[in-house]
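Structural characterization, general
Here is what each chain is made of, one letter per residue.
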Amino acid sequence: MKRFFVGLAVALASITLHAQGNVYYRDGINRGDPQQKRVCLVFTAADKADGADAIIGALHDADVKGGFFFTGQFYEMFPEVIQRLLDEGHYVGSHSYGHLLYCPWEDNDKLLVTREEFVADMEKSYAQLAGFGITKESAPFFIPPYEYYNETICKWAREMGLQVINFTPGTGTNADYTYPAMKSYRSSADIFQKIRECEASDPNGLNGHFMLIHFGTVPERTDKFYDHLPELIAELREKGYEFVGVREMLGL
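Notes on the structure in this doc start here. Quantities reported herein were computed from a predicted structural model and do not represent experimental measurements.

Each value, and the rule that gives it
- Residues numbered from 1 in each chain as written.
- Predicted model: local features only at pLDDT ≥ 70, side-chain atom pairs only at ≥ 80, totals over all residues.
- Heavy atoms only, no water.
- Helix = DSSP H or I, 4+ residues; strand = E, 2+ residues; numbered from the N terminus.
- Rg over C-alpha atoms; globule rule 2.2 N^0.38 Å.
- Buried < 20%, exposed > 50% of the residue type's maximum accessible area, 1.4 Å probe, protein only.
- Areas by Shrake-Rupley, 256 points an atom, 1.4 Å probe, with all protein chains shown as cover.
- Lys, Arg positive; Asp, Glu negative; His and termini not counted.
- Charge placed at Lys NZ, Arg CZ, Asp CG, Glu CD.
- Core = buried A, V, L, I, M, F, W, Y, C linked by side-chain atoms within 4.5 Å.
- Contact = heavy atoms within 4.5 Å.
- Pairing = 2+ DSSP bridges.
- Right-handed = clockwise from strand over helix to strand, strands pointing away.
- Phe/Tyr/Trp six-rings, centres within 6.5 Å; stacked < 30°, edge-to-face > 60°.

1. Comments concerning the overall build of the protein
Within the protein one finds nine helices and 10 strands. Over its C-alpha trace the protein gives a radius of gyration of 18 Å, about what one expects of a compact globule, namely 18 Å for 252 residues. Referenced to the eigenvectors of the C-alpha coordinate spread, the extents of the protein come out at roughly 50 × 45 × 40 Å. Expressed as a percentage of its 252 residues, the buried residues of the protein come to 52%. Here the protein has roughly 11600 Å² of accessible surface; of this, 54% comes from carbon and sulfur atoms. With 24 positive and 35 negative side-chain charges, the protein shows a separation of 6 Å between the mean positions of the two kinds.

This is the structure we're talking about:
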């Protein structure tokens, strides 16, 4: 039991509320101001875009601006999707170039990449973004591959003029990539239930949440959570939440 409380103290010590109200975990921002009843939808992808029409259409119809974070390879594969998102006025940024795993799953205090490898991969990513007029200055916030990082990654990012951001834990929307053969499978109904439980159990509800949804998933998952975006937006708006873009959420 003592070991549990020591571990909990260490974990809590690494969560910091900064002057802007943003919540930092391991030097990456994973929540906006918990006092503001706002939600930001963010989307990541490495090589799948099957959700493009459903997602772009739902956000357009609801007049919601999202944040989209793609690998350099995605930019090469789906340039027309990138242009559609830019034309709609969404934040479009980096998810690295090669979708590298920065840290071992069993210990993210360690590293699987060198600083040189990290910088080279990020430079290659922004070289792809440049073809769409996107620069580090216009898109300095990025979500790391696998949404997995540590303080060293954040330090290297800051040295490049970038800031790591990530989804807010609790709602389980990031499990929308799972499919029935996986032990960790979560249906869309399961995810909706988890969102409601998270909102009810957190004293600040979903205030400041970055809610991550994958831009595409494997064919084995026929129950696509992104198809439920209209329902999600309507339900949260009815509860008084405002949907804002990445920059507005961060206030940076």
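Let us keep going from here.
2. Looking at the nonpolar core
Among the nonpolar cores identified, the biggest contains 73 residues, and Leu41, Phe70, Phe118, Phe215 and Leu232 are the most heavily contacted of them. Dropping the residues within four chain positions of it, Leu232 is found in contact with Leu41, Phe192, Ile195, Met211, Ile213, Phe225 and Phe243.

3. So, the pairing of strand 5 (residues 67-70)
A two-sided burial pattern is seen for strand 5, the buried positions comprising Gly67 and Phe69 on one face and Phe68 and Phe70 on the other. The pairing of strand 4 (residues 38-45) with strand 5 spans four bridges and is parallel. The residue of strand 5 that forms the bridge with Ala45 is Phe70. Read as a crossover between parallel neighbours, the route from strand 4 over helix 2 (residues 52-62) to strand 5 is right-handed.

4. A short note on the environment of Lys124
With respect to the helices, strands and loops of the structure, Lys124 is situated in helix 5 (residues 115-130). Residue classification places Lys124 among the partly exposed positions, given a relative accessible area of 44%. C-alpha of Lys124 to C-alpha of Glu220: the two residues are 96 residues apart in sequence and 31 Å apart in space.

5. Regarding the packing of aromatic side chains
Tallying each qualifying case throughout the model produces 17 aromatic pairs. Residues Phe70 and Tyr75 carry aromatic rings whose centres are separated by 6.2 Å and whose planes lie at 70 degrees to one another, so their mutual orientation is edge-to-face. Residue Phe70 is classed as buried on the basis of its relative accessible area, which comes to 0%. Given a relative accessible area of 1%, Tyr75 falls into the buried group.

As far as function goes, none of this settles anything; it's purely spatial.
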